[in-house]
Amino acid sequence: MLSRTLRGTIAASALLAALPVAAAYAAPFMIVGDDEKLVWNDQGAAVVKPTGNDNVLIVDLADPENPRIVANLALENSVVGPPVNLAITPDGALGLVADSVTVVQDGSALKQVPTDKLFVIDLKANPPRLAQTVTVGKQPSGLSINAAGDLALVANRASNSVSVLKIAGGKVTELSQTPMDGSVSTVEFTPDGKHALAAMSPANHIALLSVDGDQVVDTKVVFPTYLFPYNVVVTPNGQLALTADNGFGGNADGNADVVSVIDLSANPPRVIDHITVADAPEGLAVSPKGDVAVVASVQGSNLKGKWFYHQNGVITVLKIDGTKVSPIKVIEVGSTPEAVAFTPDGKYLYVGNYLDQGFSILKVDGTDVTDTGKRFKVLGHPASARMG
């Protein structure tokens, strides 16, 4: 049940088309974060490694079946959190990367601790370069940039807040932090920029934020989901939101998890469906055409030795028809799939397989998604990825 009635409907507008970053690079392009601080051993135990080897890649997708890395920046980022801790502004000028956790020495052991940094990459520079480091809240995780390209929101998971960032003149400035009633893993603008949805994972609901200029307020309207909603996307027409509900505390445990469907056009908006998918869904994306979405499930592929271990993860393809969302296909991908991203024309889908250190390349024809069989190796473990 909603905490209170939201009067009216949430208006929608078309997403801005992606623009080229510079004459030297061809659109579309993808930003990828490689995390070299965390892997898992053959017994399924986490192995923490020293910091200093992460990188952020800018990938040219002019030839979508043969991607090309055009820039490699030594910037820290993390697989801890949903795989949407980075993004590119609609004009292709800037890349934002949230640095969620770092590694410190704790006696004789290494441990991960929250950081509070957001990196700003100048994509117009040739080659792209780090332009700014902005201090935000603790453990900045999933982030979103509005369609106008002048405002960004960052979920501060350990600070129980959302940072509000102004983007102007090639600079990024934190204006304020909106307090939230608990930990928030990611945040997503609606296409019209007037609202945003925040994934309140431990509280098992999505919170609705109101956006008026640069004022962002928690409305206290909530949408109950299944357990641990970790990621959220909104369809291009603003009618629906989908969530990747990760189950019991976000850990792969052999239980089937779900995608919740929120009807934002209803009065009041409400959760209208729960769709069962494979274990531990994290990556989530909707096509720019709005007719198909995909969710990536880790399926225990990082936990060798556990009873629910699978060698590879899967994606579930979801058909969107009005307010009806239906699972139509399951495709095996690589080990520990995290990020999923459609090209701006909706004709290709990239799935980042963390432990395989590369991407599966899939082709999209209407609602039919097929694996091309081609793989794109990167320079480390792809923890996150998004398109420009």
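Placed above this text is the structure.
Here is a short report on the structure shown in this document. (Residues numbered from 1 in each chain as written. Predicted model: local features only at pLDDT ≥ 70, side-chain atom pairs only at ≥ 80, totals over all residues. Heavy atoms only, no water.)

## Topic: the side chain of glutamine 299
Topologically, glutamine 299 is positioned in the loop between β23 (292–297) and β24 (314–321). Within the structure, glutamine 299 has its side chain in polar contact with the backbone oxygen of asparagine 312 (distance 3.1 Å). Setting aside residues up to four positions removed in sequence, glutamine 299 forms contacts with Ala278, Asp279, Ala280, Phe308, Tyr309, His310, Asn312, Gly313 and Val314. (Helix = DSSP H or I, 4+ residues; strand = E, 2+ residues; numbered from the N terminus. Polar contact = N/O pair within 3.5 Å; in protein donor to acceptor, adjacent residues only side chain to side chain. Contact = heavy atoms within 4.5 Å.)

## Some thoughts on the pairing of strand β21 (residues 270–277)
Bridge count for strand β20 (residues 257–263) against β21 is seven bridges, and the pairing is antiparallel. Paired with isoleucine 262 across the bridge in β21 is valine 271. Where β20 hands over to β21, the hairpin turn is made up of six residues, counted between the paired strands. (Pairing = 2+ DSSP bridges.)

## Structural notes on the sheet that holds strand β29 (residues 368–377)
If you walk across this open sheet you meet the four strands as β26-β27-β28-β29, and the pairing is antiparallel. Among the strands making up the open sheet, the edge pair consists of β26 (337–342) and β29. Sheet twist, expressed as the average angle between the axes of neighbouring strands with direction ignored, equals 25 degrees. Pairing analysis gives four bridges linking β26 to strand β27 (residues 348–353), with the strands arranged antiparallel. Residue valine 340 lies in a different strand from β27, and its bridge partner there is valine 351. (Axes fitted to C-alpha atoms, helices over the stretch in contact; angles between N-to-C directions.)

## As for the side chain of asparagine 55
Note on placement: asparagine 55 falls in strand β4 (residues 55–60). Setting aside chain neighbours within four positions, we find asparagine 55 in contact with Val32, Gly33, Asp34, Asn72, Leu73, Ala74, Leu75, Asn77 and Leu379.

## Looking at the pairing of strand β11 (residues 151–156)
Among the six residues in β11, six count as buried, and that is most of the element. The two faces of β11 match: Leu151, Leu153 and Ala155 on one face and Ala152, Val154 and Asn156 on the other face are all buried. Relative to β11, strand β10 (residues 140–145) runs antiparallel, the two sharing four bridges. Paired with serine 144 across the two strands is leucine 153, which belongs to β11. (Buried < 20%, exposed > 50% of the residue type's maximum accessible area, 1.4 Å probe, protein only.)

## Some details on the environment of alanine 203
Mapped onto the fold, alanine 203 is located in the loop between β15 (195–200) and β16 (205–212). On the basis of relative accessible area, alanine 203 is assigned to the partly exposed category, the value being 37%.

## Topic: the sheet that holds strand β30 (residues 382–387)
Taking strand neighbours across the sheet as the criterion, the four strands line up as β5-β4-β1-β30 in an open arrangement whose pairing is antiparallel. The open sheet is flanked by β5 (68–73) and β30, the only strands paired with a single partner. On average, each strand axis in the sheet is inclined to that of its neighbour by 20 degrees, with strand direction left out of account.

## A word on the packing of aromatic side chains
Counted according to the given criterion, the structure contains four aromatic pairs. The interplanar angle of 35 degrees and the centroid separation of 6.3 Å between the aromatic rings of phenylalanine 359 and phenylalanine 376 together place this pair among those described as tilted. Residue phenylalanine 359 is located in strand β28 (residues 358–365), and its partner phenylalanine 376 is located in strand β29; the two are separated by 17 residues in the primary sequence. Just as phenylalanine 359 is buried, phenylalanine 376 falls in that class too. (Phe/Tyr/Trp six-rings, centres within 6.5 Å; stacked < 30°, edge-to-face > 60°.)

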